[in-house]
Protein chains: 2
Amino acid sequence: MIQVKEALSIIAENSCKMPVIKIKVSKSLGFILAKTIYSPMDMPPFRQSAMDGYAFLHCELQQFDVVSTSKAGDFSNSVFKKNEAIRIFTGAFVPDNLDTVVMQEHTTVKNKTVEITKMPVRFANVRNKGEQIKEAELVLEKNTQITPAAIGFLACLGITEIKVYSKPKVAIIATGNELVKAGKKLPMGKIYESNSVMLKVALKELSIKKIKIFRIKDTLNATKSVLKKCLSTYDLVLVSGGISVGDYDFVKEALEFNSVTQLFYTVNQKPGKPLYFGKKAQTIVFALPGNPASTLTSFYVYVVAALNKMMGFQPVHLTEIKRKINVDFENTTGKALFLKAFYDDKNVTILESQSSAMLNTFAVANGFVYLAYDEVNIQKNQEVIVIPIH
Amino acid sequence: MIQVKEALSIIAENSCKMPVIKIKVSKSLGFILAKTIYSPMDMPPFRQSAMDGYAFLHCELQQFDVVSTSKAGDFSNSVFKKNEAIRIFTGAFVPDNLDTVVMQEHTTVKNKTVEITKMPVRFANVRNKGEQIKEAELVLEKNTQITPAAIGFLACLGITEIKVYSKPKVAIIATGNELVKAGKKLPMGKIYESNSVMLKVALKELSIKKIKIFRIKDTLNATKSVLKKCLSTYDLVLVSGGISVGDYDFVKEALEFNSVTQLFYTVNQKPGKPLYFGKKAQTIVFALPGNPASTLTSFYVYVVAALNKMMGFQPVHLTEIKRKINVDFENTTGKALFLKAFYDDKNVTILESQSSAMLNTFAVANGFVYLAYDEVNIQKNQEVIVIPIH
């Protein structure tokens, strides 16, 4: 049995970054950039008006003849006389021999003549070529997570494809003769299967799309053969249920049979002690404890840590924030605790029911209070570590 | 021109909750529950072993004959003699006349006899029927957002469908003769279109799926007719660009022509002053300023507020957290400011470039520092309002 921190560092060491792929910018939300991007062009690509108004050559004159118009998208690079101005709109091309734009609110216009009532300084309201970014300048650094703003930035530079770390293909194996799919009649002795559905949506929340659920009976042969298939085709295998010491738990034997190297089994924690982590080639395997709340806790703490590493997130370690706890708390278990909790901007409240079989509390929690195995006496209002889960 | 808070309250008043729909639990991640759910069954549905071990009737005996086995999923309700025990596994049915389970680590087994080396108290390791939740008890309250844990909870109770607020259909209208789609050659005077792509992924990030982009030229007729179509088919219409006072901005005229009621136009803020909000029947319309950073700021502040109301989120108002600012800051504009910023658990840093035409900074920001129009002098380390954006 190992401690939480050791388990997390074994996971970080053994989870490998996914292969780099090229994808369309419009499909790249949430991916991590695998290659630094430099600008292919100047932005703006030409001298551009920042206002609706009139463009002119700054001089001693206050009054100009309006001789033409430049709308956004137009391009006409005529040469103008000193006493000539053009009507211009935001984003429009500013001809080479004009240097200043006066906003229309500072003019009076009669017939074809504009009088400037408040003279701007020379070069005012003209965005220079490359003012935002110049060709070859840094756009986004490697390891940046792609946000909507990043997608907008790339699109405005005409970039259509980028290199990112791909997302893993995940197999979920749900074991247990007692499991019945929701919607069917429940015979005595059976329960509805919830772990695989729950794990699938938790993965979807991380924008992982290639997920397949395998439901199998508790037999050694079924477990061996589905594991064999999954190990050759998937990057991550999650086995839900069936890795305790009971005679009818075949998962461990099936893992050994398939030459999965055990990297740890059992962690000094509550909930989720019987947690297994192993590896075969590049595929990593978690066997999660069967109780729904233990499964989901292990997912948010350990599986997410592995996925972060695989998908290229940096830093890999879990987000930890500090909040003031709402009660005195004594941890006499000698184990690390992950307590379902609700936190706000200042405080954290430990929620009432912490049973590992119950999801009631989990459904309204937004994080865990994490107490290390050797944190025994916690005082009310003391700052504790909170791991956000949404 | 109105203030930020007034604009937000007009939006909250005028955005209507979407119709309630019935959806599959497995597809309900992120939706808001429109009807409180009560449990259709007891959970567990029978007396269940919480351990791998041996079930027996608690008495003065220490040693029992092992006469049968109950695995998870089995159901056999035999009557046992006082000196008889059964091999039992976690989650398995506990026969009616047995009352206690001893964990296997506290036994020694020889042939068909189990000796209890550490006697548990009566009723130990047996989960009672309905211990987690009883039939007709509260499962999830109306207005709860559906998380993976909530989905697991519903699934384990055999619930397959729930009632939620539907998500809006959104039309994005990108106006501008200057816009060229990324991937094509950029003629002089033109720029790459980025706002519609960016808005689309920002909507996708909120799990909105029905989004259509309409790209139109700056003509009154094109604007009128596409608006007409969108107003009759979509719940939310976002117009990107084209609502300043310039002669070539037809959007406002096209909105009036289509009988959209203007609820406000221009907000005392930077960036994003020329922001328009209107309504026709149940469809709401935002015309967003054309500069990419202004567009996205308006989206995160105002459009998200409207969407929250429509999708049933409570409270509707934006998430505001408080962080210590990294610099002295003077707001002499008389306007409310939304400053692109990066915050951590304690502090917030105002990022360098705040130009409304630039997305460089936005791509690495995770929030705004919000300063009201009358907040003039901000001292370093003072707590300020931060609006998270991811």
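Residues numbered from 1 in each chain as written. Chains lettered and ligands numbered in written order. Predicted model: local features only at pLDDT ≥ 70, side-chain atom pairs only at ≥ 80, totals over all residues.

A. Examining the interface of chain A and chain B more closely. In this assembly, 71 residues from chain A lie in contact with 71 residues from chain B. Sorting elements by how many residues they give to the side of chain A that touches chain B places helix α2 (residues 148-156) of chain A first, with eight residues. When grouped by side-chain class, the residues that make up the side of chain A that touches chain B number 40 nonpolar, 21 polar and 10 charged. (Contact = placed C-beta atoms within 7 Å. Helix = DSSP H or I, 4+ residues; strand = E, 2+ residues; numbered from the N terminus. Nonpolar A, V, L, I, M, F, W, Y, C, P; charged D, E, K, R; others polar.)

B. Representation of the environment of Met188 of chain B. Mapped onto the elements of the fold, Met188 of chain B is located in the loop between β14 (179-180) and β15 (191-192). C-alpha separation for the pair Met188 of chain B and Glu178 of chain B, spaced 10 residues apart in sequence, amounts to 9.6 Å. What Met188 of chain B contacts, discounting residues up to four positions off in sequence, is Phe46, Phe75 and Phe93 of chain A.

C. Spatial organisation of the nonpolar core. Within the largest apolar cluster, 194 residues are counted, with the highest numbers of intra-cluster contacts made by Leu154, Leu238 and Val369 of chain A together with Leu154, Leu238, Phe286 and Val369 of chain B. The residues contacting Val369 of chain B, other than those within four sequence positions of it, are Ile325, Leu339, Ala341, Val348, Ile350, Val384 and Val386 of chain B. (Core = buried A, V, L, I, M, F, W, Y, C linked by C-beta atoms within 7 Å. Buried ≥ 20, exposed ≤ 12 C-beta atoms within 10 Å, placed from the backbone.)

D. Inspection of the pairing of strand β13 (residues 170-175) of chain A at higher detail. All names here are of chain A. Burial analysis of β13 places six of its six residues in the buried class, the great majority of the element. Here β13 shows two buried faces, one formed by Val170, Ile172 and Ala174 and the other by Ala171, Ile173 and Thr175. Sheet topology note: the β13/strand β17 (residues 236-240) ladder contains five bridges and is parallel. Paired with Ala171 across the strands is Val237, a residue of β17. The pairing of β13 with strand β16 (residues 211-216) spans six bridges and is parallel. Paired with Ala174 across the two strands is Arg215, which belongs to β16. (Pairing = 2+ DSSP bridges.)

E. Representation of the sheet that holds strand β8 (residues 107-110) of chain B in the model. All names here are of chain B. Sheet architecture is open: six strands sit in the order β7-β4-β6-β5-β9-β8, paired in mixed fashion. One side of each edge strand has no neighbouring strand; the edge strands of this open sheet are β7 (100-103) and β8. The mean inter-strand angle of the sheet, taken between neighbouring strand axes irrespective of direction, is 35 degrees. One ladder, built from four bridges, connects β8 with strand β9 (residues 113-116); its direction is antiparallel. For Val109, the partnering residue across the bridge sits in β9 and is Val114. (Axes fitted to C-alpha atoms, helices over the stretch in contact; angles between N-to-C directions.)

F. Quick peek at the relation of the copies chain A and chain B. Of the transformation superimposing chain A on chain B, the axial component is 0.0 Å and the angular component is 180 degrees, with the fit at an RMSD of 0.0 Å. What we have between these two chains is a two-fold relation. When each C-alpha of chain A is compared by its distance to the rotation axis, Asp345 of chain A comes out closest, at 4.5 Å. Interface residue correspondence from chain A to chain B reaches 100%, placing this contact among same-surface, isologous pairings. (Least-squares fit on C-alpha atoms with pLDDT ≥ 70 in both.)

G. Spotlight on the sheet that holds strand β21 (residues 283-288) of chain A. Residues and elements named next belong to chain A. What the six strands build is an open sheet, ordered β16-β13-β17-β21-β20-β18; its pairing is mixed. Edge strands, defined here as strands with exactly one partner in the open sheet, are β16 and β18 (261-265). Pairwise comparison of adjacent strand axes, ignoring direction, gives a mean angle of 20 degrees for this sheet. Of the strands in this sheet, β17 and β21 are in contact with helix α6 (residues 292-310), which crosses β21 at around 165 degrees.

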